[in-house]
Amino acid sequence: MRNVLRMAMVGLILLAGCSGSQSGTTPALTPGMPAGGADQPLVLQTGKVPINWTQFNGPLTGFGPSYAVVVGPDKNMWFSNNQSGLLKVTMTGTMTPVPLVYVCSGTSNCNYNSGYGITVGADNKFYMTGTNYDYNHSKYVVGQATTTGTLKVFDIPSGDYGSNAGLLKGPDGNVWLLEQAHIGKITPGGTVTEFAYPSGATSNSGSLTVGADHNIWFTESSQNIVAKIVPASGKITEFALSTSGLSCSPTGIVSAPDGNLYFNCSYSELGQMTPTGTARQF
C-alpha cells in the first residue's frame, strides 16, 4: 500500500511540474523539431521534447456548440451538438455533419436537441441525453442514433433530465445515465428504468464510471456523495464524503488501475475512494 501511495504522489508531483512549466518561460526548441505554426501549436515542457498536434479548422457552418465527444464504432471521433446533429471527424481532419432528423408524434414539427452527453452502446449506436421539442411542449429524452443519422427518441419516464457528463456503457450491456434526481439505464430496445438517489438529491452535475468491482460508481455533486449501483439489482450504496472529513462537490470520476476511484474534489483537490468507501483527498 505504501508503494501505491508513493507512486500516486510521484505522479501528482510530475503533473504539477508539467503544468507549471508550460506557463513559464518558453525553453529552446530541440534541434530538428518543427517550430510549429498557426495549424500546429506546440506544448513546451521544460526538459522535454516539444509536443506537436494538428489543429483542424471548425466548427462548420450550422453546427452548434459541442459539449461531448466519443470514439465511434468506426474509430472516428464523433461530436454531439445542440442543433440536432452529429459531427464526424476523421484522423486526417475531414469533417462530416450528420443531421439527426426524425418525425415524432405524427407531425414533422419536432426538434431534437442533443449535446449534453454522448456514448456508444454495446449495439454500436450512439446514446445522447437531450430534449425533444414538439410545438410548445418539451420532454427530456434519450436519443439513440446510428452513424448514418437514423434517430430514435425515448422518453425519460419521470420527466427528469440528464447530467451533462453522465452517459456510460455498463458491464450489463445497457447504457447508464445520470439525471438530476435519478440514475437510469436504457436497454438497446429503448426501455428506460430509473433509480432515485437515496439521498433525495434533485440537482446533480456528476458523472459515472465502471469500477474494478464491475459496479457503476457515480458522484452526487450537490450532496458531497460518491455512490455505487449494482447493475443486476439496482441497489445503490452512498458514501458521504463528510464521514472521511472531506467537504467538496465531487464531479468527474474515473476507475484507476490500483482498484480505487478518483474524482474531482472542489477546484484544486483530487479525491480517492476505495471500493469499501474510505475516502481521502490530495
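For every chain, the first residue of its written sequence is number 1, and the numbers climb from 1 along that sequence. Local features in this predicted model are restricted to residues whose pLDDT is 70 or higher, and side-chain atom pairs enter the listing and the counts only when it is 80 or higher, whereas totals over whole chains, interfaces and linings include all residues. Remark: hydrogens and water are excluded; side-chain values derive from all non-hydrogen atoms of the structure.

A word on the nonpolar core
Now for step 1: As used here, the term nonpolar core means buried Ala, Val, Leu, Ile, Met, Phe, Trp, Tyr and Cys residues forming a set that is joined through side-chain atoms within 4.5 Å. When accessible area is computed with a 1.4 Å probe and restricted to protein chains, residues below 20% of their type maximum are described as buried, those above 50% as exposed, and intermediate ones as partly exposed. Within the largest apolar cluster, 14 residues are counted, with the highest numbers of intra-cluster contacts made by Trp176, Ile183, Leu208, Ile216, Phe218, Ile229 and Ile236.
Now for step 2: With 3 residues, the single largest contributor to this core is strand β18 (residues 225-229). Numbering of helices and strands starts at the N terminus; helices are DSSP runs of H or I of at least 4 residues and strands are runs of E of at least 2.

What about the pairing of strand β5 (residues 85-89)?
Now for step 1: Here β5 lies mainly inside the structure; 4 of its 5 residues are buried.
Now for step 2: Judged from the 4 bridges that link them, strand β4 (residues 77-81) and β5 form a sheet pairing that is antiparallel. In the sheet register, phenylalanine 79 faces β5, and the bridge partner there is leucine 87.
Now for step 3: The rule for pairing is simple: two strands pair if DSSP sees at least two bridges between them. As paired elements, β5 and strand β6 (residues 95-99) share 5 bridges and run antiparallel to each other. Note on β6: the bridge partner recorded for leucine 87 is proline 97.
Now for step 4: Taken together, β5 and the strand that follows it, β6, pair antiparallel across an intervening segment of 5 residues, in which glycine 93 is found at a positive phi of about 95 degrees.

Looking at the side chain of asparagine 174
Now for step 1: Relative to the helices and strands, asparagine 174 resides in the loop between β12 (162-169) and β13 (175-179).
Now for step 2: Within polar-contact distance, the side chain of asparagine 174 engages the side chain of aspartate 172 at 3.1 Å.
Now for step 3: Contacts of asparagine 174, omitting those with residues within four sequence positions, involve Leu168, Lys169, Lys185, Ile186, Thr187 and Pro188. N or O atoms closer than or at 3.5 Å make up a polar contact, with two conditions inside protein: a donor-capable atom paired with an acceptor-capable one, and, for residues adjacent in sequence, both atoms drawn from side chains. Residue contacts are counted whenever heavy atoms from the two residues lie within 4.5 Å of one another.

A look at the packing of aromatic side chains
Now for step 1: Pairing of aromatic side chains requires ring centres within 6.5 Å, counting the rings of Phe and Tyr and the six-membered ring of Trp. Pairs whose planes differ by under 30 degrees are stacked, by over 60 edge-to-face, and all others tilted. A full pass over the atoms with the stated rule returns 5 aromatic pairs.
Now for step 2: A centroid spacing of 5.7 Å and a plane angle of 10 degrees characterise the contact between tryptophan 217 and phenylalanine 239, whose relative ring orientation is stacked. With tryptophan 217 in strand β17 (residues 216-220) and phenylalanine 239 in strand β19 (residues 236-240), the pair connects residues that are 22 residues apart, well separated along the chain.
Now for step 3: Among the residues examined, tryptophan 217 registers a relative accessible area of 0% and is labelled buried.

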